Amino acid sequence: MASADDPLQPQRADSQPEEPVVVPGRKFLLFQAVPAWMISMLLHMLLLLVMAVLTIADPQVLTNILSVTNVTDADPEMEEFTLADVDPGDLAEDTEPTFEQSVPTPSPLQEVMPIQVTQPIPISAVAPATADMVSAIAPSQSLLQSVSSAMSQNLNSRAGETKKQLMKRYGGTEASEAAVAKALQWLSIHQLPNGAWTFNHAFVCRGIGGCDGTCEPNRANAFNGATAMGVLPFLGAGQTHIDGIYKENVRRALMFLIANGKQRTFGGVPCLDLSEEGGNMYSHGLAAIALCEAYAMTGDSFLLTPAQQAINFITYAQDPRGGGWRYGPKQPGDTSVTGWQVMALKSGHMGHLIIAPESVAGATNFLNFASVRDGAAYKYTTDPGVGAGSDACQAIGLLCRMYLGWDKTHPAIVAGVADLAKTGVRKDDIYYNYYAAQVLRHYGGTEWDGFNRNLRDWLVESQVSSGHAEGSWHFPDSLQHRGPREGGRLCSTAFATMILEVYYRHMPLYADAAAEDDFPL
C-alpha cells in the first residue's frame, strides 16, 4: 500500500494542502544513493589530479625560458665589415638607420631629467634603448666575450689609497694634484647648461677677459669631441656621475653624449655613431672612451647599451682591407685616428664589453704596415715609400703595441722608448707629450723619471694662476694638427690635465702585481 508520503500518490480532494515538495531530477539520484563520504573522496581526488597537472606543467615553462640556442650560420652577421669595395665615408648607401624604443631602466643616470636649454646645439630626440644582455646589442658571430671572473682593469686606481700610492710611486706631487684640481674647476665653469662642452669656449665666457684662445671656426660644432675632451679629465681624476664633487657635471656630459649620438643599424647590429662634422672619427673615438670608462668605473647598467653600441660602430667603421681607421667609415687608416679607436676598444675591454677579435687583428695588421725599423717607429699612413712619421706617430704606435700585447723586453719597445726619452718633452706638441707620457710611464725606469720631471714641472708652472682663465692652459705656438691650434684652450687644458693624471689614470702595464690583460685574439 502506498505511503502517505509517496510523491506519486494522488491527493484526496478533502485533504489539507501541504507544502510543495521539490522533485529531484534523475541526474541527482546518484548523489542520493552514494554516501556523503564517497562524494567527498571523489572531489578531493579530482582536486589533487588538477594540482598535479599544474605542477607538472611548470618545469616545461621554465625550460623554455632558460633554454640556450647555439649560434648557427643562419644568424645575422656584420656583412658590411667583410665587404671589400665600400665607398669611403659614404654612409648614405648603407642600411637605413633604425631607431629602437627606449626601455626604462632604473639607474643613477636615468633618475634625473635632461636639462632644457636655449643654446642652438643639436641634440637628438631619440635615446638608445637599454638592453638586458650584452649579447642582444653586439654582433652575434666571431666575437670575443671578455667577461671573466677576474677583472683585467677596473679603473679603481683613480681613487682612494691606491691613487695616493701610485701618484707617490710614479712621480706625482702635491703641486701636480693641485694643478689638476684647478683645471677641473675651470672645466666645470665652462660647461654648457645642456651638459656639453664646446671648443668655442668664448661662447661660454661671453666676453669675460683673460680667457682667449678659442678654436678654429670649423671645429666649433664638434660638440661630441669637445664634450668627450671636457669629461675625460674628470673621469681620470676618479670623478663619476655617481661619486665625487663634480658628479653633476659628469652626469650631464654623459647624458649629452648619449642623446647626441646617432642611432644606426649595420648588418643587423645596433650602433651609436658619435662622429660629426668638424670632428669625424676623432670625436667618435674620444666619446667612446668616455662612455666605456664611465661604464667600467661604475657598472651603471644605463651606460651598457650606449657604450657597447659605440664599440660596435668602431668595428663597423674599420677599414676592411688595411685594418685602420680614418676620418670616415671604411677609409684607409692613419696612425692618429687609429690610436683613439684602439684606446676606445681597450676601454671597452676593461669594462667587459664585447670586442670583435677581427677589430683587434685588423688594428695589429695596420700597425704592421705602418711600422718602420721593425716596429720601433711608425708612419702616419701605410702608403708605400713614405718614411717615418712624427714623434707623435711613434708614441701612438708604441702605446698601441703595448696594449696589443708586446712586452717590455720586445726589441722594438726598447728601441722606441729610447727614442722618446732622447726626444724628451716637446713644448710645441702637447699631443706627442700626451702619448709619450703614457708609453714612458708604463715602461718606467730612468727613462720615465727624467721625462716626467721635466713635463710635470713645466705644466705646473705654465698653468694660468689668476683671473677667469685660472686653472687652464693654452699653447698658441703648438704645431698645426696637434690639437691646441684647432681645439683652442679647452683642448690644451684637457690634454695637460690628463697628462698630470697619468700616475693613476691606468694601472701600470708592466707591474708584476697589476698587469692588465692584453687583447685576446
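In the block above lies the structure referred to throughout.
For clarity, every value in this text was computed on a predicted model and none was experimentally measured.

Colleague: What is the right way to read the side chain of Asp273 from this model?
Modeller: Relative to the helices and strands, Asp273 resides in strand S3 (residues 269–273). Here the side chain of Asp273 touches Arg264 through a polar contact of 3.0 Å, side chain to side chain.

Colleague: For this particular structure, what's the right way to read empty space enclosed by the protein?
Modeller: Any empty space left between atoms is shown by rolling a water-sized probe over those atoms. Under the defined criterion, the tally for this structure stands at four cavities of 30 Å³ or more. Estimates place the volume of the largest cavity at around 110 Å³. Lining the largest cavity we find 13 residues, and of these Ile289, Glu293, Met343, Tyr434 and His506 sit closest to its centre. Counting residues per element, the ones that place at least two in the lining of the largest cavity are helix H9 (280–298), helix H11 (335–350) and helix H15 (430–443). When residues in the lining of the largest cavity are grouped by element, the largest group, five residues, is from H11.

Colleague: Looking at this structure, I do not really get the layout of surface pockets. What am I missing?
Modeller: Looking at the largest pocket, its volume works out to about 620 Å³. Residue lining of the largest pocket: 27 residues in total, with Tyr282, His481, Arg482, Gly483 and Glu486 positioned closest to the centre. At the level of secondary structure, the elements contributing two or more residues to the lining of the largest pocket comprise helix H7 (223–236), H9, H11, helix H13 (391–403) and helix H17 (484–500). By residue class, the composition of the lining of the largest pocket is 14 nonpolar, 10 polar and three charged.

Colleague: Looking at this model, I keep getting lost on the side chain of Arg505. Mind explaining?
Modeller: Summarising the element assignment, Arg505 is placed in the segment after H17. At 3.3 Å, the side chain of Arg505 forms a polar contact with the backbone oxygen of Leu232.

Colleague: Before we go on, may I ask you to explain the packing of helix H5 (residues 174–189) against H7 in this structure?
Modeller: What describes two packed helices is the angle between their axes and the distance between those same axes. For the pair H5 and H7, interaxial distance at closest approach is 10 Å and the crossing angle is 140 degrees. For the pair H5 and H7, the sense of crossing is left-handed. Touching Leu184, Leu187 and Ser188 of H5 are Gly230, Pro233 and Phe234, all from H7. Class assignment for the residues of the contact of H5 with H7 results in four nonpolar, two polar and no charged.

Colleague: Even after reading the chapter, I still don't get H11, so can you show me in this structure?
Modeller: Owing to its 3.6 residues per turn, the α-helix brings residues three or four apart onto one side. Here H11 spans 22 Å end to end across 16 residues, near enough to the 22 Å set by a 1.5 Å rise per residue. Of all 16 residues that make up H11, 16 are buried, and the element is covered over most of its length. Capping the start of H11 is the job of one residue whose side-chain oxygen sits 3.0 Å from the backbone nitrogen of Ser336: Asp334. His352 sits one or two positions beyond H11 and adopts a positive phi of about 65 degrees.

Colleague: Please clarify how the packing of aromatic side chains should be interpreted in this entry.
Modeller: Each aromatic ring pair is specified by the distance between its two centres and by the angle formed by the two planes. Counted under the stated rule, the structure contains 16 aromatic pairs. Three or more aromatic residues joined by ring pairs make a cluster, and in this case those are Trp340, Tyr431, Tyr434, Tyr435 and Phe495. Across the ring face of Tyr504, the terminal group of Lys163 is positioned such that the distance to the ring centre comes to 4.6 Å. The ring of Tyr170 has Arg441 sitting right over it, with the charged end atom 4.4 Å from the ring centre.

Colleague: It is not clear to me how unusual backbone geometry should be interpreted in this structure. Could you clarify?
Modeller: Negative phi values dominate among residues other than glycine, just as trans dominates among peptide bonds. With a phi angle near 75 degrees, Lys330 is a residue other than glycine that sits in the positive phi range. Its location among the elements puts Lys330 in the loop between helix H10 (304–317) and H11. By relative accessible area, Lys330 is classed as buried at 5%. Its identity as a non-glycine residue notwithstanding, Arg373 has a phi of 55 degrees, on the positive side. Positionally, Arg373 belongs in the loop between strand S5 (371–372) and strand S6 (377–378).

What counts as what
Residues numbered from 1 in each chain as written. Predicted model: local features only at pLDDT ≥ 70, side-chain atom pairs only at ≥ 80, totals over all residues. Heavy atoms only, no water. Helix = DSSP H or I, 4+ residues; strand = E, 2+ residues; numbered from the N terminus. Polar contact = N/O pair within 3.5 Å; in protein donor to acceptor, adjacent residues only side chain to side chain. 1 Å grid on protein atoms, 1.4 Å probe; cavity = no way out; pocket = protein on both sides within 12 Å on 5 of 7 lines; lining within 4 Å. Points joined across faces, edges and corners; volume = space filled by probe spheres on them. Nonpolar A, V, L, I, M, F, W, Y, C, P; charged D, E, K, R; others polar. Axes fitted to C-alpha atoms, helices over the stretch in contact; angles between N-to-C directions. Left-handed = near helix turned anticlockwise from the far one by under 90°. Contact = heavy atoms within 4.5 Å. Expected span 1.5 Å × (residues − 1). Buried < 20%, exposed > 50% of the residue type's maximum accessible area, 1.4 Å probe, protein only. Phe/Tyr/Trp six-rings, centres within 6.5 Å; stacked < 30°, edge-to-face > 60°. Lys NZ or Arg CZ within 6 Å of the ring centre and 35° of its normal.

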